[in-house]
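Structure assessment
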Amino acid sequence: MITRSPPRTQPAAWQRELAQGFADPRQLLATLGLEPEACGLSPGAHARFRTRVPRGFVARMRPGDPRDPLLRQVLPTTDELDAAPGYGPDPVGDRAAERAQGVLHKYRGRALLVATGACAVHCRYCFRREFPYAEALASAAGWSEALDYLRGDPSVHEVILSGGDPLSLADDRLAALVTELEGVAHVRRLRLHTRLPVVLPERVDAALTGWLGASRLARVVVLHANHPNELTAEVARAAAALRAAGCTLLNQSVLLRGVNDHLEALTALSEALFAAGVLPYYLHQLDRVTGAAHFAVPDSEARALFEAVRARLPGYLTPRLVFEAPGAPAKLDLLERLTPG
Ligand SMILES: *Cc1c(COP(=O)(O)O)cnc(C)c1O
Ligand code: SF4
């Protein structure tokens, strides 16, 4: 009997691009002509949550500007090491919501599958930044336990692939997973929560749109961009390709001090999203994860800012300002929250 190893395929262009991203914050700053001290660079923060940024995302930053809104999202700084009461490693109660290996089932009708712990970019404010648990949820043993759970619960009509970033997985693995989901009769919708089409638009190639476009499931892609400078012509092209593959495109952002905590940034973000064929969905109040306290905008200020945004934009370009409370049946609206006292 002749046994053959499976054919070795070339890595896709996006995978090469991904591998070439910045992993050393000093190199990143040198590219921008910045001094580490002037930017508050912290090797300790980098050691705690490694730096990772695609080159194409860095190309959208303003050289010489330590306050650049894209740089702030990815640069490990000394602020991250400040102790902050009320901040912890699992701010949204993910561990308690795990129903099967990798499955977070918090809300009626939709279940979230942590398909991988990996991301193309490491966002300093990420609520899963303190993982190992994201990595642990996305088990090396594969998705069989998760699929069994989803098959066994007929109330699940929508499966959300999240992570990490599901699009950091190769297309053959993703397509195989989606084929399994398509075989579950009660699953109607597939949702992807991904930042890759924004930070590495090369990810949206013919291989991806090929299997995505052919799915029997209704497809929703929720992108993640926080500032209008993230949205280039290449991102718009990636969005157009996803739409052509039949996907409904939405965006979620996080309200971040020093990044998008002003009226102009938020309105320009909505306008730029619309121009790219994407509707704003959620603007999240920051989850209180260890290391991210310096990004927080107090609720009262967030509400006032958001009221100003609402007064400027049509309703369909106004995201919902939400926060997550562990145990709640849905994301909660910050404008409706009753503040004690
Ligand atoms: C945010 C989230 C969802 C999606 O909520 P929608 O309001 O439908 O966007 C689903 N599952 C989990 C675990 C979530 O955290
Ligand atoms: S892409 Fe999403 S999951 Fe990954 S680090 Fe950024 S916010 Fe976190």
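Described below are features of the structure shown in this document. (Residues numbered from 1 in each chain as written. Chains lettered and ligands numbered in written order. Predicted model: local features only at pLDDT ≥ 70, side-chain atom pairs only at ≥ 80, totals over all residues. Heavy atoms only, no water.)

1. Comments concerning the packing of aromatic side chains
Tallying each qualifying case throughout the model produces three aromatic pairs. With 5.9 Å between their ring centres and 85 degrees between their planes, Tyr125 and Phe295 make a pair best called edge-to-face. One end of the pair, Tyr125, is in the loop between strand S3 (110-114) and helix H6 (133-137); the other, Phe295, is in the loop between strand S8 (279-284) and helix H13 (299-310), with 170 residues separating them in the sequence. Comparing Tyr125 with Phe295 shows no difference in burial state: the two are buried. Ring centres of Tyr281 and Tyr282 lie 3.9 Å apart, and the angle between their planes is 20 degrees; on these two criteria the pair is classed as stacked. Since its relative accessible area comes to 11%, Tyr282 is described here as buried. Between the NZ or CZ atom of Arg55 and the centre of the ring of Phe22, over which it lies, the distance is 4.1 Å. (Phe/Tyr/Trp six-rings, centres within 6.5 Å; stacked < 30°, edge-to-face > 60°. Helix = DSSP H or I, 4+ residues; strand = E, 2+ residues; numbered from the N terminus. Buried < 20%, exposed > 50% of the residue type's maximum accessible area, 1.4 Å probe, protein only. Lys NZ or Arg CZ within 6 Å of the ring centre and 35° of its normal.)

2. Topic: the site of ligand 1
Taken together, Leu104, Lys106, Tyr107, Arg110, Leu112, Ile160, Arg191, Tyr281, Tyr282, Glu324 and Lys331 form the complete shell of residues around ligand 1. Side-chain polar atom of Arg191 to an oxygen atom of ligand 1: 2.7 Å apart, as the coordinates give it. Tyr281 places a polar side-chain atom, nitrogen or oxygen, 2.6 Å from an oxygen atom of ligand 1. Broken down by element, the residue count for the shell around ligand 1 peaks at three residues, all from strand S2 (residues 103-107). (Near = heavy atom within 4 Å. Polar contact = N/O pair within 3.5 Å; in protein donor to acceptor, adjacent residues only side chain to side chain.)

3. Section: the side chain of Thr77
With respect to the helices, strands and loops of the structure, Thr77 is situated in the loop between helix H5 (69-74) and strand S1 (98-100). Given the relative accessible area of 11%, Thr77 is considered buried. With near-sequence residues (within four places) excluded, Thr77 lies in contact with Cys39, Gly40, Ser42, Ala45 and His294. (Contact = heavy atoms within 4.5 Å.)

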